Amino acid sequence: MQNGVSDYSYTIFATHMEKLTELVTLYPNVKVLHFQVNVKNGRLDFQFRLMDGPHDVPYYGLLLAGVAGLPDSVIEVASNITTKIMKKEALRMEENCIQYHPFWLDYRLLQRLICLKYSNQDQDGILKALQNLKESYINGKLSG
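Along each chain, the written sequence defines residue order, and numbers are assigned to residues from 1. This being a predicted model, a pLDDT of at least 70 is required before a residue's local features are given, and a value of 80 or more before pairs of side-chain atoms are given or counted; all residues contribute to the totals for chains, interfaces and linings. With hydrogens and water stripped out, all remaining heavy atoms of the structure feed into the side-chain values.

Caption draft 1: Region of interest: unusual backbone geometry. The backbone phi angle of N41 is positive, close to 55 degrees, even though this residue is not glycine. The residue N41 is located in the loop between β1 (33-40) and β2 (43-52) in this model. A run of H or I in DSSP becomes a helix once it reaches four residues, and a run of E becomes a strand once it reaches two; helices and strands are each numbered from the N terminus.

Caption draft 2: Layout of helix α5 (residues 123-138). Here the expected length of a helix is defined as 1.5 Å per residue gap, with one fewer gap than residues. Look at α5: 22 Å from first C-alpha to last across 16 residues, which is about the 22 Å you get at 1.5 Å a residue. By the burial criterion, the buried members of α5 are G125, A129 and L133. Viewed along the axis of α5, the buried residues span an arc of 70 degrees, placing them on a single side of the element. Exposed side of α5, more than 90 degrees from the buried face: Q123, D124, K128 and I138 are the residues found there. On the buried face of α5, the contacting elements are α4 (72-117). Each residue's exposure class comes from its accessible area (1.4 Å probe, protein chains only) as a fraction of the maximum for that residue type: buried when under 20%, exposed when over 50%, partly exposed otherwise. The arc in question is the one spanned by the directions pointing from the helix axis to the C-beta atoms. By definition in these notes, contact holds between two residues if any of their heavy atoms fall within 4.5 Å.

Caption draft 3: Examining the pairing of β1 more closely. Pairing between strands is defined by DSSP: at least two bridges between the two strands are required. Alignment of β1 against β2, held across seven bridges, turns out to be antiparallel. Counterpart to N38 in the pairing with β2 is D45. Counted along the chain from β1 to the antiparallel partner β2, the turn is two residues long, and its residue N41 has a positive phi close to 55 degrees.

Set out below in structure tokens:
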């Protein structure tokens, strides 16, 4: 797939793997489209309209399995596996937030310092803003 993306070949690829939509950020020649699907009362409602960008339909595969007539027992097992995977993913995301929080604080601090540098505040205003920044940084409370 990497070769097809890098050499500008035309390809149509259908998948329900959201991770592949990230190729748009890596390759300017990749375009992601989707067919509009809505969920009404736990059922898929296909609109048959081609739309730009990715489209996230939670548990699409499980809903589609029901439409395809797979046995409820199979869908239940798949649902349990999906729940376990989602819990692991949520835990991983939480760990990443904890791991990268210091970098995020540094980034927010630098943003604020740059804004202060180009602000029209007088010296007293800048000193007060710097003191507030220092307290916020020490307390880990720099907000977006």
